[in-house]
Amino acid sequence: MSAPYKESPNAALARLRAELAAQLKQLNRPESSVTLIGVSKTVPAERIELALAAGLRVFGENRIEEAGAKWPALKAAYNDIELHFIGALQSKKAAQAVALCDAIHSLDRPRLARALAHEMQAQNRHPQLFIQVNTGSEPQKAGVLPKDAPSFIEACRKDYGLKIDGLMCLPPIDEPPAAHFALLQKLARDNDIRLLSMGMSRDYAIALRFGATHIRLGTALFGRRPQAKPSI
Ligand SMILES: *Cc1c(COP(=O)(O)O)cnc(C)c1O
């Protein structure tokens with residue numbers, strides 16, 4: 001095996017920002033219309049520090065324990081960090097997620113909606129909420145099924161009083177992603193939802209064409225993760 005990292009996060013960030021700017025220009029979209037989330041799961045602290053030094057302030061984590069171990073100190077040191085939770089969230093961890101995170105991308109069931117609503121009120125903290133949609137209807141994957149999305153969005157709004165800011169998807173690994181991004185974009189339009197969290201290292205350029213507002217980049221920014229777990 002060769003050296004684990006070919007590129008430093010600061011060099012990668014500069015390259016990705018330039019690529020992103022060029023792609024947005026082609027699409028006639030302003031640069032401010034897209035948030036680059038640096039997915040820092042499993043990334044060692046010194047590499048996160050390099051990204052912070054290069055000016056990145058928006059990060060994503062997929063496990064609440066790991067986020068809780070890494071981010072409170074960094075959030076105290078840099079007061080403008082935005083932490084996005086992008087992994088499966090157990091209802092019993094809603095309190096920690098609301099306390100620590102500025103956005104949650106994985107709302108996908110009534111029980112979690114209820115727990116988040118309760119905690120948001122109790123803590124008077126209001127992270128942005130994205131509903132995760134299982135656009136490929138994959139049995140092992142989290143997210144509400146596309147056919148159930150409209151009624152779930154409605155329930156979040158009416159029954160739990162939640163403001164739904166966005167939709168999120170993770171297309172099936174073995175399919176071209178465009179149809180999935182198009183479906184998520186349509187669901188957002190039809191349900192009056194503004195933000196779209198879609199696109200990862202390998203497919204973010206395609207997601208931008210379908211209106212992605214939040215792209216989640218791990219490998220492209222930080223290099224290959226040491227023990228990549230399948231993210232579901
Ligand atoms: C790990 C992860 C990413 C980043 O994936 P890369 O392919 O490394 O860019 C994005 N979204 C979610 C939900 C993830 O778990």
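Here goes a summary of the coordinates provided.

Its location among the elements puts Gln132 in strand β5 (residues 128–133). You can call Gln132 buried: its relative accessible area is 2%.

We now examine the pattern of salt bridges. Summed over the entire model, instances satisfying the criterion amount to 14 salt bridges. Here Lys70 and Glu66 are joined by a salt bridge, their closest N and O atoms 2.8 Å apart. You can see Lys70 and its partner Glu66 sitting in helix α3 (residues 64–77), four residues apart, about one turn around the helix. Residue Lys158 pairs with Glu154 through a salt bridge whose shortest N-O separation is 2.8 Å. Separated by four residues within a single helix, Lys158 and Glu154 lie in helix α6 (residues 149–158), roughly one turn from each other. Classification of Glu154 by relative accessible area gives partly exposed; the value is 40%. One salt-bridge network, in which partners are shared between bridges, spans Glu7, Arg15 and Glu19.

What follows deals with the packing of helix α1 (residues 9–26) against helix α2 (residues 45–53). Their axes nearest at 8 Å, the elements α1 and α2 cross at an angle of 45°. One finds that α1 runs oblique with respect to α2. As α1 packs across α2, the resulting crossing turns out to be right-handed. Residues Pro9, Asn10 and Leu13 of α1 form the contact with α2, whose own contacting residues are Arg47, Leu50 and Ala51. Taken together, the residues of the contact of α1 with α2 sort by class into four nonpolar, one polar and one charged.

Analysis parameters
Residues numbered from 1 in each chain as written. Predicted model: local features only at pLDDT ≥ 70, side-chain atom pairs only at ≥ 80, totals over all residues. Heavy atoms only, no water. Helix = DSSP H or I, 4+ residues; strand = E, 2+ residues; numbered from the N terminus. Buried < 20%, exposed > 50% of the residue type's maximum accessible area, 1.4 Å probe, protein only. Salt bridge = Lys/Arg side-chain N within 4 Å of Asp/Glu carboxyl O. Axes fitted to C-alpha atoms, helices over the stretch in contact; angles between N-to-C directions. Parallel < 35°, antiparallel > 145°, perpendicular 65-115°, else oblique. Left-handed = near helix turned anticlockwise from the far one by under 90°. Contact = heavy atoms within 4.5 Å. Nonpolar A, V, L, I, M, F, W, Y, C, P; charged D, E, K, R; others polar.

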